[in-house]
Amino acid sequence: MVLVIVILSVLLLYVLQRILYKKFWDKGLAIRIRFLTHSAHEGGSGTLEERLENRNFLPLPFLHAKFECGSGISFNSSENVSTSDRNYKNDIFSVLFYQRVRRRLDFEAVRRGYYPVRSADLVAGDLFYSVHMVKSFPQDTEFYIYPRLLDTSAFDQPLKKLIGEMAARNFILPDPFEFRGIREYTISDPMNTINWKASAKTGDLMVNQYNSTTTRRIVIFLNLEDETVIHHGPLHEESMRIAASLAERLLRTGFPVTLVTNGRDVETHEEFPRMDANGVTQAEEIFRVLARVDLKPEKTEFAELIRAEMKQQDFEQAGYILISPSMKKPLQEAFSELSGFASALYVTPLYNNMDSRIEEDAPFSYLRWEVKGFA
Amino acid sequence: MRRKVIAVIRQLHGAMVLVSVLTGVSTLLALFGKTRETYFLYGLLILIPYAVSAFAEEKTSGIGLFLLISIASTVPAVFFAPDLLSKIVFLLLSVIIIIIRIAGRVKDGDTILTIPTFATEILFAVFYILGVFLENSLMTRVNYYLAFAYVIFVLIYMNFSSLEAYLAVNREVENIPTKNIGRTNNLMLLGYLGLTVTVMLVVPFFGLDKAVRAAGRGILAFIRWLSSLRGEEAPIETVIEEVPPQESMTPEGGMFADTVETPLWLEALYHALTVAIGFVVAAIIIIGIVLAIYRLVKAFYRPTKENSDEEEFISDSDDKEYVPGAGGVFGRILERFDPSPNAVIRRTYRKTIRKTKTEVDASDTPREIEDAAKLPEGKERTVLHELYEKARYSKDGCTQEDVQTLRNA
């Protein structure tokens, strides 16, 4: 009888250890995933850190950390990654009691986009690997892959012409140093432009905007509409690269830039508002907007946005660059109308075998940008 | 190392099953000839064909050579068997072993002789219970020790084979900390085995078996009372039988009583062998566990460097990634023994403040705490203050040199 009782006690102990692990394995367990850098351009790289803490007396011989993120991030160690439309990462750790383990993983920024990591799962087992326990931990980290910056030397002449035309127009029009409006404060704004009354009313710092002696604002129109039912993703991606490269170049050379696009935010699905940038430090804001563009949803007709821009105060004093693979007639008509008042450049990213259908007698400047590939 | 242990346990499993079966076989043989201990000791020779056939199964490629070697190995068991019946029985057992081995060759190694499971304990328990019923000390004692040892072996086997299967599945995973997994697994297994052995040693002293027997007797009495209600009670007859002295039973009587007395030398050899084997096994297990724990403890603070992971031990006072509600009493206990420089400096700071019996608020800064504790201004206070702030707030933390500086101050 003693032997039977001993055997039963051992069985009970086995069951107890299973219950102990099932109940207490996640007490004091935490995982934090974060990107050490927040952004990179296409073709760049970044580092992801996984930090596990076990503030518990139960050691965990194996612990799987699983999370997913977009497939535009390519981890250098591809064995732990299952890639389909998303990257499913699976890393294995082993933690003793009251131990912290930190692991850093390098990755390549392959494709433009916004890559948040919102949750991570931890999977562990008991001493005999007979039962698996899973728990989700919310995460809050994100990585932006900006469009790649291109060589914009092909734009030297068109930009020169555009800026030259702007200067000529501004000379004709009366252009005092005058109050133009109020916007939110950014770090590059001088303190003496802060409008304290408006700031008190809104609760955020607000600054006055003035027309400079020569208003050299450049508006970049980024049209992501498809002309037909065929979706030309690579052409739109190239459009965004052109927009990012031009914005960076113009801001660096002292031109304030405004971005107007009919792209929609990948998370909110809302159209982006008109965005002003002043100074090269704000190029990051434009890059961030471009990274968050989702090409899938329906887009607003861009001709409407052009006409809306024509209702802006002093719109004639700005220069306009329209980047659009689409060459729809209404779009060309709206842009032609705009170019009757202001300097304008139409840029069309096209494949080699695509025809350009820009009207020959169009009043705006035109640049065809060749993209590798076929329609 | 793990694979070797698994292989050894697989072979030990078969040997222990055979020894257990041998206790039953020798009891049956004892009906027709010598003592059961004699047959048992001679029967241990069938472990030779068991071991040799295992070796031949692994090393030979042709079935002919395997059979030749295996059959040859049965010679000692058959030759030394004390009588014809036992020769036949031992030969039969050896043949069964060889047939099972052949089946193992076909099925790539997995047979009842090589798969340790917890269910094998049932076999030992059955023979043990039979031994209790038959008042057979050989069956009870041998199967008790076999069951005891087998629990340890099967737990180790279950753990190691599961771990090997897990590592095989995840073999291709980059950065898998194989050594760390093995180290943590061994630590947990040792702790669990220690607890299991303690339970197995302590449970017999609880008197649970007496309680179970008492409960069984109570249930039987209740059933008899119920049945007595249904019919008349049978008259109780007292039978007195005089037993002539020459027909008195031997002390270990029962259904299968010995007809021949065990030779003294054999009994002495049997007892000596049992004690010696038990002593050696217990010593190996104890020394092995102590050595393994010592090596694991020594290895705790030495990272394995098999990948680029950064590992560090933390305490509840380390609030960089503090999880509220974690640790509790155990966290505070562990913190007392944390030898890291940060923990040493923070413990020293807390002791210094506690000595002044000052009440401290969690939101107070170190400067406010020191002012409230009225620590005298001077070099000691400055060193303590700066090192505490470094231990608590800096990214890299303190070093051993900082601890020495504090001690010097």
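Explain the overall build of chain B here, please?
Secondary structure assignment for chain B yields 16 helices and one strand. Scored against the burial criterion, the 409 residues of chain B give a buried share of 38%. For chain B, long-range pairs separated by at least 24 residues make up 69% of all intrachain contacts whose partners lie at least 6 apart in sequence. Only carbon and sulfur atoms are counted for the fraction: they give 66% of the accessible area of chain B, which is about 24800 Å².

In this structure, what is going on with the packing of helix H1 (residues 2-29) of chain B against helix H7 (residues 120-134) of chain B? I would like to understand it.
A pair of packed helices is characterised by two quantities: the angle between their axes and the separation of those axes. Residue and element names in this part refer to chain B. Closest axis-to-axis distance for the H1/H7 pair is 10 Å, and the angle between their directions is 20 degrees. Judged on the interaxial angle alone, H7 and H1 are roughly parallel. Viewed along their axes, H1 and H7 form a crossing whose handedness is left-handed. Judged by residue contacts, His 13, Met 16, Val 17, Ser 20, Val 21, Thr 23 and Gly 24 of H1 engage Thr 120, Leu 123, Phe 124 and Phe 127 from H7. Grouping the constituent residues of the contact of H1 with H7 by class yields six nonpolar, five polar and no charged.

Please explain the packing of aromatic side chains as it appears in this structure.
The description of two aromatic rings rests on the distance between their centres and on the angle between their planes. Residues and elements named next belong to chain A. One pass over the structure, following the stated rule, counts 30 aromatic pairs over all chains. Residues Tyr 346 and Tyr 366 carry aromatic rings whose centres are separated by 6.5 Å and whose planes lie at 65 degrees to one another, so their mutual orientation is edge-to-face. One end of the pair, Tyr 346, is in strand E19 (residues 343-351); the other, Tyr 366, is in strand E20 (residues 365-371), with 20 residues separating them in the sequence. A network of ring pairs unites the aromatic residues Phe 221, Phe 302, Tyr 320, Phe 335, Tyr 346, Phe 364 and Tyr 366 as a single cluster. Taking the ring centre of Phe 24 as reference, the NZ or CZ of Lys 23 above it sits at 5.8 Å.

I keep staring at the confidence of the model for chain A and nothing clicks. Help me out?
Caution applies to low-pLDDT parts of the model: their predicted coordinates are not meant to be read in detail. On average, residues of chain A score 87 in pLDDT, and 92% of them reach the 70 mark or higher. A low-confidence stretch, residues 172-176 of chain A stays under pLDDT 50, and its non-local contacts, those more than four residues away or across chains, total 10 contacts.

I keep staring at the sheet that holds strand E18 (residues 319-323) of chain A and nothing clicks. Help me out?
Each strand in a sheet pairs with its neighbour through backbone hydrogen bonds, running either in the same direction (parallel) or in the opposite one (antiparallel). Residues and elements named next belong to chain A. With respect to topology, six strands assemble into an open sheet ordered E16-E14-E13-E18-E19-E20, the strand pairing being mixed. A single partner strand is all that each edge strand has here, and the edge strands are strand E16 (275-277) and E20. Within this sheet the neighbouring strands show an average axis-to-axis angle of 20 degrees, counted without direction. Bridging between strand E13 (residues 218-222) and E18 involves five bridges; their strand directions are parallel. Within the sheet, the bridge partner assigned to Leu 222 lies in E18 and is Ile 323. This element, helix H4 (residues 233-252), spans E13, strand E14 (257-261), E16, E18, E19 and E20 of the sheet and lies at about 170 degrees to E13.

Explain the environment of Phe335(A) to me, please; I cannot follow it from the model alone.
Residue and element names in this part refer to chain A. Locating Phe 335 in the fold gives a position in helix H7 (residues 329-339). When the C-alpha positions of Phe 335 and Tyr 346 are compared, they lie 8.4 Å apart, and in sequence the two are 11 residues distant. Among residues more than four places away in sequence, those in contact with Phe 335 are Phe 221, Ile 306, Tyr 320, Leu 322, Ala 344, Leu 345, Tyr 346 and Phe 364.

What's the story with the nonpolar core in this structure? I'm lost.
Generally speaking, soluble globular proteins have nonpolar side chains that are buried together. Ranked by internal contacts, the top residues of the largest apolar core, which has 89 residues, are Trp25(A), Leu63(A), Leu122(A) and Phe143(A). Sorting elements by how many residues they give to this core places helix H8 (residues 137-169) of chain B first, with 14 residues. Those residues within four positions of Leu122(A) in sequence are excluded, and the remaining contacts are Trp25(A), Leu29(A), Ile31(A), Leu52(A), Leu63(A), His64(A), Ala65(A), Met133(A), Val134(A), Lys135(A) and Phe137(A). Counting residues in hydrophobic clusters, the runner-up holds 68 residues, among them Ala283(A), Phe302(A), Leu331(A) and Val371(A).

So what exactly am I meant to see when it comes to the pairing of strand E4 (residues 60-70) of chain A here?
Side-chain positions along a regular strand alternate between the two faces of the sheet. Residue and element names in this part refer to chain A. A large share of E4 lies buried, amounting to nine of its 11 residues. In the sheet, E4 pairs with strand E7 (residues 86-95) via nine bridges, with the strands oriented antiparallel. Across the sheet, the residue bridging to Phe 67 is Lys 89, located in E7. In the sheet, E4 pairs with strand E9 (residues 113-125) via five bridges, with the strands oriented antiparallel. Bridge assignment links His 64 to a residue of E9, and that residue is Val 123.

Before we go on, may I ask you to explain the pattern of salt bridges in this structure?
If the charged atoms of two oppositely charged side chains come close together, the side chains can form a pair. Tallied over the full model, the rule gives 37 salt bridges over all chains. Close ionic contact of Arg104(A) with Glu49(A) constitutes a salt bridge, the shortest N to O distance being 3.0 Å. Here Arg104(A), found in strand E8 (residues 99-109), pairs with Glu49(A), found in strand E3 (residues 45-54); they are 55 residues apart in sequence, far enough to count as distant. For Glu49(A), a relative accessible area of 1% translates into the label buried. Residues Glu301(A) and Lys328(A) are paired through a salt bridge, measuring 3.7 Å at the closest nitrogen-oxygen approach. With a gap of 27 residues between them, Glu301(A) in the loop between strand E17 (293-294) and helix H6 (302-309) and Lys328(A) in the loop between E18 and H7 connect regions that are remote in the sequence. A residue is classified by how much of its surface remains accessible, and Glu301(A), at 35% relative accessible area, is partly exposed. Several salt bridges converge on common partners, so that one network encompasses Lys89(A), Asp91(A), Arg103(A) and Asp309(B).

Got a minute to help me understand the pairing of E8(A) in this structure?
For E8(A), the tally of buried residues reaches eight of 11 residues, placing the bulk of the element in the interior. Of the pairings in the sheet, the one linking strand E5 (residues 73-75) of chain A to E8(A) comprises three bridges and is antiparallel in character. The residue of E8(A) that forms the bridge with Phe75(A) is Phe107(A). Examined bridge by bridge, E8(A) and strand E1 (residues 310-313) of chain B share four bridges and lie antiparallel to one another. Across the sheet, the residue bridging to Arg102(A) is Glu310(B), located in E1(B).

About the thresholds
Residues numbered from 1 in each chain as written. Chains lettered and ligands numbered in written order. Predicted model: local features only at pLDDT ≥ 70, side-chain atom pairs only at ≥ 80, totals over all residues. Heavy atoms only, no water. Helix = DSSP H or I, 4+ residues; strand = E, 2+ residues; numbered from the N terminus. Buried < 20%, exposed > 50% of the residue type's maximum accessible area, 1.4 Å probe, protein only. Contact = heavy atoms within 4.5 Å. Areas by Shrake-Rupley, 256 points an atom, 1.4 Å probe, with all protein chains shown as cover. Axes fitted to C-alpha atoms, helices over the stretch in contact; angles between N-to-C directions. Parallel < 35°, antiparallel > 145°, perpendicular 65-115°, else oblique. Left-handed = near helix turned anticlockwise from the far one by under 90°. Nonpolar A, V, L, I, M, F, W, Y, C, P; charged D, E, K, R; others polar. Phe/Tyr/Trp six-rings, centres within 6.5 Å; stacked < 30°, edge-to-face > 60°. Lys NZ or Arg CZ within 6 Å of the ring centre and 35° of its normal. pLDDT = per-residue confidence, 0-100. Pairing = 2+ DSSP bridges. Core = buried A, V, L, I, M, F, W, Y, C linked by side-chain atoms within 4.5 Å. Salt bridge = Lys/Arg side-chain N within 4 Å of Asp/Glu carboxyl O.

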